[in-house]
Amino acid sequence: AFCNGILAGLVAVTAACATIKPWESAIIGFVAAFMYQGASMLLPRFQIDDVVDAFPVHAANGLWAVLAAGLFGDPAEGIGGNGAFYGGDQFGVQIFGALIIILWSAAWSFCILLPLRLIGFLRMSDHFQDKGADFMEHSPEKAYNAHAADPAGGEQRIAV
């Protein structure tokens, strides 16, 4: 969770990094920590299995990044900012952009994932899931040669 929190902060500051001051990036990163934690805690409630917290890190904080770019950035600094906190009108554009990104991503996800689900390619078989993907794909028997030749001419069992 610690490394994901760091990644969440980095994701959140990326959209506005060219137009904000360092202290503004600290605020964006601080909010990102709560965005990450909140999204991570919501996943189990919706019965979503995201073992690496990809959604909280990238989607939730990507959305926050897009919105933060419309809030921060002083146009008087001359670095391209036009944030709402400084009287700019960029926030509305950022909301519209975020909605377009969500719609685009949802549409393509639906177009790709629904056919995969219908033909049964989206999930592993029940047998595979019962045994566990780690065991079935990454078990020591497949990862290591359990029998190695003994230099004396015999066969020696390697403990794994």
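Each remark here, short or long, concerns the structure printed above.
Residues numbered from 1 in each chain as written. Predicted model: local features only at pLDDT ≥ 70, side-chain atom pairs only at ≥ 80, totals over all residues. Heavy atoms only, no water.

Enquirer: Now, about a nonpolar patch on the surface: what can you tell me, with residues and values included?
Expert: Taken together, the side chains of W104, W108, I112, L113 and L122 define a hydrophobic patch exposed on the protein surface, amounting to about 550 Å² of accessible area. Note on placement: L122 falls in the loop between α4 (90–118) and α5 (126–131). A relative accessible area of 42% places L122 in the partly exposed class. (Patch = residues over 30% accessible without salt bridge, like charges linked within 9 Å, V, L, I, M, F, W, Y side chains within 5 Å. Areas by Shrake-Rupley, 256 points an atom, 1.4 Å probe, with all protein chains shown as cover. Salt bridge = Lys/Arg side-chain N within 4 Å of Asp/Glu carboxyl O. Helix = DSSP H or I, 4+ residues; strand = E, 2+ residues; numbered from the N terminus. Buried < 20%, exposed > 50% of the residue type's maximum accessible area, 1.4 Å probe, protein only.)

Enquirer: Describe in detail the nonpolar core, supporting the description with residues and values.
Expert: With 11 residues, the main nonpolar core is built from A12, V13, A16, I20, I28, A32, W64, A68, A69, L71 and F72. When contributions to this core are tallied by element, the ones reaching two or more residues are α1 (2–14), α2 (22–45) and α3 (54–71). In terms of residues, this core owes the most to one element, α3, which gives 4 residues. (Core = buried A, V, L, I, M, F, W, Y, C linked by side-chain atoms within 4.5 Å.)

Enquirer: Which residues make up the packing of α1 against α3, and what values do they have?
Expert: Interaxial distance between α1 and α3 falls to 8 Å at its minimum, and their mutual angle equals 35°. Handedness of the α1/α3 crossing: right-handed. Side by side, α1 and α3 meet where N4, L7, A8, V11 and A12 of the first sit next to V57, H58, N61, G62, W64 and A65 of the second. Partitioning the contact of α1 with α3 into residue classes produces 7 nonpolar, 4 polar and no charged. (Axes fitted to C-alpha atoms, helices over the stretch in contact; angles between N-to-C directions. Left-handed = near helix turned anticlockwise from the far one by under 90°. Contact = heavy atoms within 4.5 Å. Nonpolar A, V, L, I, M, F, W, Y, C, P; charged D, E, K, R; others polar.)

Enquirer: Kindly report on the side chain of S40, identifying the contributing residues and their values.
Expert: With respect to the secondary-structure elements, S40 resides in helix α2. What makes S40 buried here is its relative accessible area of 17%. Separated by 2.9 Å, the side chains of S40 and D53 make a polar contact. Apart from the residues within four sequence positions on either side, S40 is in contact with D53 and P56. (Polar contact = N/O pair within 3.5 Å; in protein donor to acceptor, adjacent residues only side chain to side chain.)

Enquirer: Which residues make up the packing of aromatic side chains, and what values do they have?
Expert: Inspection of the entire model under this criterion finds 3 aromatic pairs. For the pair F72 and F85, a centre-to-centre distance of 5.2 Å together with 85° between the ring planes defines the contact as edge-to-face. Residue F72 is located in the loop between α3 and α4, and its partner F85 is located in the loop between α3 and α4; the two are separated by 13 residues in the primary sequence. (Phe/Tyr/Trp six-rings, centres within 6.5 Å; stacked < 30°, edge-to-face > 60°.)

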